[in-house]
Amino acid sequence: MTKGGIFPAIIGTFYLTIGSSLIALPLGVASAIYLSEYAREGWLLRLIRLGIQNLAGVPSVVFGLYGLALFVVFLGFGVSILAGSLTLGFLILPTVIGASEEAFRQVPSTFREASLALGATKFQTICRVVLPSAMPGVLTGSILGIGRAAGETAPIMFTAATFYTKHLPTSPLDQVMALPYHIYVLATSGTHIDQTRPLQYGTVLVLISLVLGINIFAIIIRTRMRRKKTW
Amino acid sequence: MTPAMSEGDVQMSSLSAGGNQDSNSTTSVVELKVQEGLPKYFFLAAASTSLLVMALIMIFLFREGLAIFGKVNPVSFFFGKAWYPTYDPPEFGILALIVGSVSVTLFSSLVAIPLGVGTALYLSVLAGPTVREYVKAAVELLASLPSVVLGFLGMVVIAPAMQQILDVPTGLNIVSASIVLAIMAIPTITSISEDALYAVPRDNLEASYALGATRWETMSRILVPGALSGIGTAVILGMSRAMGETMVVLMVAGGAAQIPSSLFDSVRPMPASIAAEMGEAPFGGEHYHALFAIGIVLFLMTLIFNLVATYISNRFQQKGASTL
């Protein structure tokens, strides 16, 4: 393979990244709300924290096996964007939870007390006071998680990615090309590895720009927010 | 649900009920309890998904992996030196893969621990605010580099250079893989160690300076011992990360399923074997189940690392100056 562009791979990575954030963001933020606003010390909280900590330590290739066994085979999604997004989504879930929880904890407790003192329920307080105040922090942390999803290879090898397809995906059940997997295949199992070297470097450059771009964006937002924050 | 929690619920509802009675007397205590309780259980359910996923990972790994032990006896699986899954008859001995994983993990931590902890010490003691900000951003960006990119660089830059300079048969070996893995583990080690160093009470450091200790003496005798448990946690998590990392070892470790006799031999760590072979293993066959069984081993090894790290950080948590 020495001709053609990487647009299908860019599109594939785009869909997988969006799909995984659709799963990880709502679940992660909701989990973080429980951990910082509702949970009390006790066995339940310890158990949940243990689950999150250990989920964060599960190797990415094991996530790939899990996605293969559960989503691809058992639930019958096949090798697809859907299966890959679910796998990646749960992979970055602990990152999103960690970042969001920290953002919620940084909201001063006087904000909550003022809202409760005005007669708002706890749920109203969370929705209208805590969440908006913590939003910049939540977003920054989540963007870092999303950057990770864009660059992961091992979890999508058996769940979503294909080396080559002429067609752009038309449904969530289609296989896709993805930038990280494309780099791996080009670099290791092409028939003309030396001829495709420039293509490999080019694809790496695109992936690095994408991931570093996402991260620098998040870091800039955070630095600005830190300066603006007055509490 | 612990008694303490349900008590808290009642208190909270009655508090809000008390606050609302004047303005809105039609809202009953029951309704308020529902309003307060439903969101709580919704968020609890969300927080429990991580546990659920953890359980599902175990269930599916074991379901697919344990099947291999019907055909291969566990002793020859774990201690067999021959990994020839596609031969006829196939041989499924994963000792060489385990040794491969352990060797790259150990050697990479030799590189990563001094660099990672050193960076953390520099950031917390010596660096000025501006330098600190930039170095921290750099460490964070390093952490965000996709593993396939580092694997690619290891393959096209480090490995050929090593082959030329050291004149070894292949540049794809334990040393190159470990160097790249170390680069991946440094951000983990640095950021957790730095948090631990910050948790050491300032009083202790000031007391040490007041007694006339130099900065180096304070660092080595007060700061590092005080943060030791946190640094230990950082090192273990960094090693766990290196052990589970896939793309780097897949691309840079060489892929030979052999027990290495030197640091410049190729190895085939467990994640590399799973990632390389799953595509061609016939679905539901012995090879497929064997790869899941390797997944179980890898999962359990990293799980133990993580549990030990959690235990250390809980057990020796710095709770203020008095516990030192």
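Asker: Would you mind showing me how to read the overall build of chain A here?
Answerer: The helix and strand inventory of chain A stands at nine helices and zero strands. Starting at the N terminus and ending at the C terminus, chain A contains elements arranged as α-α-α-α-α-α-α-α-α. Each principal axis of the C-alpha distribution contributes one length, and for chain A these read about 70 × 40 × 30 Å. Nonlocal contacts in chain A, meaning residues at least 24 apart in sequence, comprise 77% of its contacts between residues at least 6 apart.

Asker: Explanation requested: the interface of chain B and chain A in the structure shown.
Answerer: The interface is formed by 60 residues belonging to chain B together with 62 residues belonging to chain A. Summing both partners gives a buried area of about 5,500 Å² for chain B against chain A, and 77% of it is carried by carbon and sulfur. Of all residues in chain B, Phe 43, Phe 60 and Phe 152 of chain B give up the largest surface area on contact with chain A, accounting jointly for 11% of the area buried on that side. Our count for the contact surface shared by chain B and chain A stands at zero salt bridges. Taken together, the connections running from chain B to chain A amount to two residue pairs in polar contact (both at pLDDT 80 or more). Looking at the side of chain B that touches chain A, the elements that each hand over two or more residues are helix H1 (3-20), helix H2 (29-65), helix H5 (129-144), helix H6 (147-166), helix H10 (228-244), helix H11 (247-252), helix H12 (270-277) and helix H13 (286-315) of chain B.

Asker: How do you make sense of the environment of Val 125 of chain B when you look at a structure like this?
Answerer: All names here are of chain B. By the element assignment, Val 125 lies in helix H4 (residues 95-126). In this structure the C-alpha to C-alpha distance between Val 125 and Ser 50, which are 75 residues apart in sequence, comes to 37 Å. Those residues in contact with Val 125, other than ones at most four positions away along the chain, are Arg 215, Met 219 and Leu 223.

Asker: So what exactly am I meant to see when it comes to the domain arrangement of chain B here?
Answerer: Accessible area lost on assembly of the parts is the figure often given for the size of an interface. All names here are of chain B. In terms of domain boundaries, chain B breaks down into domain 1 (3-70) and domain 2 (79-323). Contacts between the two partners involve 11 residues from domain 1 and, on the opposite side, 11 residues from domain 2. For the pairing of domain 1 and domain 2, the buried interface totals around 940 Å² over both sides, and the portion due to carbon and sulfur atoms is 87%. Among the residues domain 1 hides against domain 2, the three largest losses belong to Leu 61, Glu 64 and Ile 68. Together they make up 56% of the total. At the boundary of domain 1 with domain 2, the tally comes to zero salt bridges. Counting across the domain 1 and domain 2 interface gives one residue pair in polar contact (both at pLDDT 80 or more). Of the residues assigned to the side of domain 1 that touches domain 2, the class counts are nine nonpolar, one polar and one charged.

Asker: Please clarify how the pattern of salt bridges should be interpreted in this entry.
Answerer: Pairing between side chains of opposite charge can happen when the charged atoms of each approach one another. Residue and element names in this part refer to chain B. Taken as a whole and assessed by the stated rule, the structure comprises eight salt bridges over all chains. Of the charged contacts in the structure, one is a salt bridge between Glu 194 and Arg 132, with a shortest N-O distance of 2.8 Å. With Glu 194 in helix H7 (residues 174-199) and Arg 132 in helix H5, this residue pair connects regions lying 62 residues apart in the sequence. Arg 132 sits in the partly exposed class, given a relative accessible area of 22%. The closest approach of N and O atoms between Glu 194 and Lys 136, which form a salt bridge, is 3.5 Å. Residue Glu 194 is found in helix H7, and its partner Lys 136 is found in helix H5; the two are separated by 58 residues along the sequence. Classification of Glu 194 by relative accessible area gives buried; the value is 4%.

Asker: Would you mind showing me how to read unusual backbone geometry here?
Answerer: Generally, phi is negative for residues other than glycine and the peptide bonds are trans, each holding for most cases. Residue and element names in this part refer to chain B. At Asp 167, a position not held by glycine, the phi torsion is positive, near 55°. With respect to the element layout, Asp 167 can be found in the loop between H6 and H7. The exposure class assigned to Asp 167 is exposed, which follows from its relative accessible area of 66%.

Asker: What am I meant to see in the packing of H7 of chain B against H10 of chain B here?
Answerer: When two helices pack together, their arrangement is captured by the angle between the axes and the distance separating the axes. All names here are of chain B. The geometry of H7 relative to H10 is characterised by a closest axis approach of 8 Å and an angle of 160° between their N-to-C directions. Classified by the angle between their axes, H7 and H10 sit roughly antiparallel to one another. Our pair here, H7 against H10, has a crossing hand that is right-handed. Facing H7, whose interface residues are Leu 181, Met 184, Ala 185, Thr 188, Ile 189, Ile 192, Ser 193, Ala 196 and Leu 197, H10 presents Gly 230, Ile 231, Ala 234, Val 235, Leu 237, Gly 238, Arg 241 and Ala 242. Considered class by class, the residues forming the contact of H7 with H10 number 12 nonpolar, four polar and one charged.

About the thresholds
Residues numbered from 1 in each chain as written. Chains lettered and ligands numbered in written order. Predicted model: local features only at pLDDT ≥ 70, side-chain atom pairs only at ≥ 80, totals over all residues. Heavy atoms only, no water. Helix = DSSP H or I, 4+ residues; strand = E, 2+ residues; numbered from the N terminus. Contact = heavy atoms within 4.5 Å. Buried area = accessible area lost by both parts, 1.4 Å probe. Salt bridge = Lys/Arg side-chain N within 4 Å of Asp/Glu carboxyl O. Polar contact = N/O pair within 3.5 Å; in protein donor to acceptor, adjacent residues only side chain to side chain. Domains from an automatic or database assignment. Nonpolar A, V, L, I, M, F, W, Y, C, P; charged D, E, K, R; others polar. Buried < 20%, exposed > 50% of the residue type's maximum accessible area, 1.4 Å probe, protein only. Axes fitted to C-alpha atoms, helices over the stretch in contact; angles between N-to-C directions. Parallel < 35°, antiparallel > 145°, perpendicular 65-115°, else oblique. Left-handed = near helix turned anticlockwise from the far one by under 90°.

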